[in-house]
Amino acid sequence: MKRTTPVIPAEDIQRQKEYCAELRALNAQKSPAPLAYVDTYGCQQNEADSELLRGMLCDMGYEITDTDKGADVIVINTCAIREHAEQRVFGNVGALVHGKRRNPNQIICLCGCMAQEPHVAERLRQSYRHVDLVFGPQALWRFPEFLRRVYLRRGRVFETEPSDGAIAEGLPVRRSGKLKAWVSIMYGCNNFCSYCIVPYTRGRERSREPEIILNEIRELAAQGYKDITLLGQNVNSYGKDLEGGIDFPTLLEQAAAIPGQFLLRFMTSHPKDATEKLFDVMARCDKVAPVIHLPFQSGNTRVLTAMNRRYTREQYLDKVRALRERIPNVVLTSDVIVGFPGETTPEFEDTLSLIEEVRFDALFTFIYSPRKGTPAAELPDPMPKEEKSANFDRLVEAQNRISLEKHRSYIGTVQRCLIDGAGEDPRNNLTARTAGNRLVHLNGDQALIGQFADIKIIDCSTWALFGELEGDPKCQ
Ligand code: 5AD
Ligand code: SF4
């Protein structure tokens, strides 16, 4: 199959494996085995990337630890989407200087989206001299080569040149969970929403080959994974760079045809590319969870245009209508930005009215954060902080009420849920997720973790449902 985006040649991946083997031999001489810690900020794509980093570290002979204390290698996988996330990273990376003074052989690495921002790389170079290795998301597959360079020469390595990126297959992965797994189906973003840094840090859209994705899902199903999320910055662009006419709904339907007891989810969908074909596939495939994250960002068409979102308020509402015609109980979540440059309070009120009209199950709400290098950062932004905060609070308050009302409507229903972990409260010692991914607290035998079960919903809060196992003597 001919494609328009590059794939890293197998021999280049092989060379990375040889670097891994070389480091593994060196590390094997140490007892106990050296420790590596990977700290992850931001989105699910970063979580998935960290699983690859851990896979490579294991291949290099490191044992994975869950704290920076005593770690021989520390990797900070960063997020650049908002100022706040960046400040946290700078604070935490700054604090690592003390550990490094105690253990000068420690290697500190910073990767992810922040590494790809020129002003961040410069600041790390000048003021964070205890950081040894800095590399962006497009260079992740070369991590063994970089680490070996630092290890053998003890010099600093910066690999932060801008890059459109490519597809790298065959990297080792160390998954964090036994029930839930991420599968990246594509990387990068071509949308250039005017506020967003991602297209600059993660390069151009490029899709993995469908057969490779489907094989990964087959393997996960065979290993007993029960909840598989297909990941991409905009999954609805899947396949545009591949020949053969495959698109996301087709891939999803093929994935749903794989035998096994598991649910499929996907994130994220840009509304402009979410088609009726996608909604039809969701409606007819039992394995596709009845849930969609469909970020609307603003309920006002002028603001949407300034954001370069390429849909209007009405077009967004039409999509939601088309979706609910096919899946009436679909769980709908979204992202919204308050205080985009030039947004007025009456325009913000269109966002409020949109959430009242759509009634999302949950909303991820953000105050606009200017990102250097994006067009929106150059726009005049006259609204005072206090007015933005007041609008933000109104939005959160309205959504909390809607989320609670939506949760109340579950009471008395029986939901097929995946019991996915132990709860922190002894009265509710298990957690579960509905097919629509709502959190459920319940009490029961820990041996049920990993199983699907019918749960009767008996109570709720804004954030969660409370239930009992159906057939449990307590509910009779
Ligand atoms: N400021 C605030 N929120 C942002 N997002 C993306 N960029 C910014 C920004 N500059 C939000 C969007 C996106 C989510 C992942 O983060 O709502 O959907
Ligand atoms: Fe950012 Fe828009 Fe791409 Fe999402 S679709 S990553 S918000 S540019």
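Residues numbered from 1 in each chain as written. Chains lettered and ligands numbered in written order. Predicted model: local features only at pLDDT ≥ 70, side-chain atom pairs only at ≥ 80, totals over all residues. Heavy atoms only, no water.

Colleague: I'd love a proper account of unusual backbone geometry, names of residues and values included.
Modeller: A negative phi angle is the norm for most residues apart from glycine, just as the trans form is the norm for most peptide bonds. Here the residue pair S31 and P32 is connected by a cis peptide bond, since its omega of 0° sits within 30 degrees of zero. Geometrically, the link from M267 to T268 is a cis peptide bond, its omega value of -10° lying close to zero. You can see T268 is positioned in the loop between β11 (263-267) and α10 (276-284). Its identity as a non-glycine residue notwithstanding, N437 has a phi of 75°, on the positive side. (Helix = DSSP H or I, 4+ residues; strand = E, 2+ residues; numbered from the N terminus.)

Colleague: Outline the pattern of salt bridges, listing residues and values.
Modeller: For the structure on display, the rule yields 38 salt bridges. A salt bridge links R148 to E22, with the nearest nitrogen and oxygen atoms 2.8 Å apart. Here R148, found in helix α6 (residues 143-153), pairs with E22, found in helix α1 (residues 10-28); they are 126 residues apart in sequence, far enough to count as distant. The exposure class of R148 is partly exposed, given its relative accessible area of 23%. As a salt-bridge pair, E405 and R359 come within 3.0 Å of each other at their nearest N and O atoms. One end of the pair, E405, is in helix α14 (residues 385-408); the other, R359, is in the loop between α13 (345-358) and β14 (362-367), with 46 residues separating them in the sequence. Classification of E405 as partly exposed rests on a relative accessible area of 30%. Put simply, E51, E169, R175, R208 and E216 are held in one network by salt bridges that share partners. (Salt bridge = Lys/Arg side-chain N within 4 Å of Asp/Glu carboxyl O. Buried < 20%, exposed > 50% of the residue type's maximum accessible area, 1.4 Å probe, protein only.)

Colleague: Account for the nonpolar core, with residues named and values stated.
Modeller: Counting residues in hydrophobic clusters, the biggest one holds 69 residues, and the most contacted among them are L230, F248, F266, M282 and I292. Apart from the residues lying within four places of it in its own chain, the contact partners of F248 are I185, L230, V235, N236, Y238, F266 and L278. Within the second largest apolar cluster, 30 residues are counted, among which are I8, C20, C109 and C111. (Core = buried A, V, L, I, M, F, W, Y, C linked by side-chain atoms within 4.5 Å. Contact = heavy atoms within 4.5 Å.)

Colleague: Pulling in residues and values, what's your account of the environment of I107?
Modeller: Looking at the element boundaries, I107 is found in strand β4 (residues 107-112). Linking I107 and D72, residues 35 residues apart in sequence, is a C-alpha distance of 6.3 Å. If we ignore the near neighbours within four places in the chain, the residues touching I107 are D72, V73, I74, K100, D132, L147, V150, Y151 and R154.

Colleague: Tell me about the sheet that holds strand β12 (residues 291-293), and please be specific about residues and values.
Modeller: What the three strands build is an open sheet, ordered β12-β13-β14; its pairing is parallel. Of all the strands in the sheet, just β12 and β14 have a single pairing partner and so form its edges. For this sheet, the mean angle separating the axes of adjacent strands, direction not counted, is 10°. Alignment of β12 against strand β13 (residues 331-338), held across three bridges, turns out to be parallel. In the sheet register, V291 faces β13, and the bridge partner there is V331. Each of β13 and β14 is contacted by α14, which is oriented at about 175° to β14, the strand it contacts most. (Pairing = 2+ DSSP bridges. Axes fitted to C-alpha atoms, helices over the stretch in contact; angles between N-to-C directions.)

Colleague: Please give an account of the domain arrangement of the protein that cites residues and values.
Modeller: If you check the domain split of the protein, you get domain 1 (10-159), domain 2 (180-408) and domain 3 (414-475). A straight line from the C-alpha centre of domain 2 to that of domain 3 covers 27 Å. For the domain 2 face of the interface with domain 3, the top three residues by lost area are K180, K226 and H407, together amounting to 40%. On inspection of domain 2 and its partner domain 3, the count reaches one salt bridge. Note that K180 and D420 form a salt bridge whose closest N and O atoms lie 2.8 Å from each other. For the side of domain 2 that touches domain 3, the elements supplying multiple residues, two or more each, are β11, β13 and α14. Looking at which element gives the most residues to the side of domain 2 that touches domain 3, the answer is α14, with five residues. Among the residues making up the side of domain 2 that touches domain 3, the classes are represented as seven nonpolar, five polar and six charged. (Domains from an automatic or database assignment. Buried area = accessible area lost by both parts, 1.4 Å probe. Nonpolar A, V, L, I, M, F, W, Y, C, P; charged D, E, K, R; others polar.)

Colleague: Tell me about the site of ligand 2, residues and numbers included.
Modeller: Near ligand 2, the surroundings consist of C189, N191, F192, C193, Y195, C196, V198, P199, Q233, H270 and R309. Counted by class, the shell around ligand 2 contains seven nonpolar, three polar and one charged residues. (Near = heavy atom within 4 Å.)

Colleague: Account for the layout of surface pockets, with residues named and values stated.
Modeller: Looking at the second largest pocket, its volume works out to about 800 Å³. Forming the walls of the second largest pocket are 40 residues, and the residues nearest its centre are L52, A168, E169, L171 and Y187. Taken together, the elements giving at least two residues each to the lining of the second largest pocket come down to α2 (44-59), β7 (180-184) and α8 (210-222). Residues of the lining of the second largest pocket, tallied by class, amount to 17 nonpolar, 11 polar and 12 charged. Two domains each put at least three residues into the lining of the second largest pocket: domain 1 (10-159) and domain 2 (180-408). (1 Å grid on protein atoms, 1.4 Å probe; cavity = no way out; pocket = protein on both sides within 12 Å on 5 of 7 lines; lining within 4 Å. Points joined across faces, edges and corners; volume = space filled by probe spheres on them.)

Colleague: Provide a residue-level description of the site of ligand 1, including the pertinent values.
Modeller: In the vicinity of ligand 1, the contacting residues are I81, R82, Y195, Q297, D335, I337, F366, I367, Y368, S369 and R371. One of the side-chain N or O atoms of R82 is found 2.9 Å from an oxygen atom in ligand 1. Between Y195 and ligand 1, the recorded distance is 3.0 Å, taken from a backbone N or O atom to a nitrogen atom. Taking 410 Å² as the accessible area of ligand 1 by itself, protein coverage stands at 87%. Elements with a contribution of two residues or more to the shell around ligand 1: β13 and β14. Within the shell around ligand 1, the residues separate by chemical class into six nonpolar, two polar and three charged. (Polar contact = N/O pair within 3.5 Å; in protein donor to acceptor, adjacent residues only side chain to side chain. Areas by Shrake-Rupley, 256 points an atom, 1.4 Å probe, with all protein chains shown as cover.)

Colleague: Run through the packing of aromatic side chains, naming residues and quoting values.
Modeller: Within the structure shown, the criterion is met by 11 aromatic pairs. For the pair F296 and Y316, a centre-to-centre distance of 5.7 Å together with 50° between the ring planes defines the contact as tilted. In this pair, F296 is assigned in the loop between β12 and α11 (301-306) and Y316 in helix α12 (residues 313-326), connecting sequence segments 20 residues apart. Take F296: its relative accessible area is 0%, and that puts it in the buried class. In textbook terms, an aromatic cluster arises when at least three aromatic residues are bridged by ring pairs, as seen for F296, Y311, Y316 and F360. Across from the ring centre of F158, 4.3 Å away, lies the NZ or CZ of R125, which sits over that ring. Sitting over the ring of F262, K287 keeps its end group 5.1 Å from the ring centre. (Phe/Tyr/Trp six-rings, centres within 6.5 Å; stacked < 30°, edge-to-face > 60°. Lys NZ or Arg CZ within 6 Å of the ring centre and 35° of its normal.)

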